[in-house]
Amino acid sequence: MRIIAQQDRCVGAGQCVLVDPEAFDQNDDDGTVIVLRPDPRTDAEIGRAREAVNVCPGRTLSLEP
Ligand code: SF4
């Protein structure tokens, strides 16, 4: 499974970072998302990745199988 981020859609809301600060960070300049861990493996990591996709207000994040 892989986390995909469409940077041009990111509004810098930081919801993804709140859900999983080990998987996501924000660019210091414009607040856009940085995916630190694009390949969630454990059930817990995958669960947080799904939650981050669901809470992202910019519809920036998606998951590929
Ligand atoms: S929650 Fe979505 S819009 Fe906000 S920083 Fe993360 S990826 Fe960007």
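Everything here concerns the structure above.
Residues numbered from 1 in each chain as written. Predicted model: local features only at pLDDT ≥ 70, side-chain atom pairs only at ≥ 80, totals over all residues. Heavy atoms only, no water.

Visitor: What is the right way to read the nonpolar core from this model?
Guide: Nonpolar side chains tend to gather and get buried jointly when the protein is soluble and globular. With 13 residues, the main nonpolar core has Ile 3, Cys 16, Val 17, Phe 24, Val 33, Ala 52 and Leu 61 as its most contacted residues. Every residue in contact with Ala 52, bar those within four places of it in the chain, is listed here: Cys 16, Val 19, Phe 24 and Leu 61. (Core = buried A, V, L, I, M, F, W, Y, C linked by side-chain atoms within 4.5 Å. Buried < 20%, exposed > 50% of the residue type's maximum accessible area, 1.4 Å probe, protein only. Contact = heavy atoms within 4.5 Å.)

Visitor: Just to check I follow, could you spell out the site of the ligand for this structure?
Guide: Around the ligand, the structure places Cys 10, Val 11, Gly 12, Ala 13, Gly 14, Gln 15, Cys 16, Val 33, Cys 56, Pro 57, Thr 60 and Leu 61. Here the shell around the ligand is built from residues that sort into eight nonpolar, four polar and no charged. (Near = heavy atom within 4 Å. Nonpolar A, V, L, I, M, F, W, Y, C, P; charged D, E, K, R; others polar.)

Visitor: Sorry if this is basic, but what is going on with the environment of Glu 51 here?
Guide: Inspection of the secondary structure assignment puts Glu 51 in helix 2 (residues 43–55). Distance from Glu 51 to Pro 65, taken between C-alpha atoms, is 16 Å for residues 14 residues apart in sequence. (Helix = DSSP H or I, 4+ residues; strand = E, 2+ residues; numbered from the N terminus.)

Visitor: I would appreciate a short explanation of the pattern of salt bridges in the present structure.
Guide: Any two side chains of opposite charge can pair, on the condition that their charged atoms come close. Overall, the coordinates contain five salt bridges when judged by the stated rule. Arg 37 is the partner of Glu 22 in a salt bridge, and the nearest nitrogen-oxygen pair spans 4.0 Å. Within this pair, whereas Glu 22 is found in the loop between helix 1 (15–19) and strand 2 (24–26), its partner Arg 37 is found in the loop between strand 3 (33–35) and helix 2, the two being separated by 15 residues in sequence. Among the charged side chains, a salt-bridge network with shared partners connects Asp 20, Glu 22, Arg 37, Glu 45 and Arg 48. (Salt bridge = Lys/Arg side-chain N within 4 Å of Asp/Glu carboxyl O.)

Visitor: What is the right way to read the side chain of Asp 20 from this model?
Guide: Relative to the helices and strands, Asp 20 is located in the loop between helix 1 and strand 2. Of the residues examined, Asp 20 reaches a relative accessible area of 3% and is grouped as buried. Leaving out residues up to four positions away in the same chain, Asp 20 has contacts with Arg 37 and Arg 48.

Visitor: Can you walk me through a negative patch on the surface in this structure?
Guide: Residues Asp 25, Asp 28, Asp 29 and Asp 30 make up a contiguous surface patch of negative charge. Asp 25 gets classed as partly exposed once you look at its relative accessible area, which sits at 36%. (Patch = residues over 30% accessible without salt bridge, like charges linked within 9 Å, V, L, I, M, F, W, Y side chains within 5 Å. Areas by Shrake-Rupley, 256 points an atom, 1.4 Å probe, with all protein chains shown as cover. Lys, Arg positive; Asp, Glu negative; His and termini not counted. Charge placed at Lys NZ, Arg CZ, Asp CG, Glu CD.)

Visitor: Even after reading the chapter, I still don't get the side chain of Glu 45, so can you show me in this structure?
Guide: Within the element layout of this structure, Glu 45 appears in helix 2. In this structure Glu 45 comes out as buried when scored by relative accessible area, which is 16%. Sequence-distant contacts of Glu 45, defined by excluding residues within four places in its chain, comprise Arg 37, Asp 39 and Pro 40.

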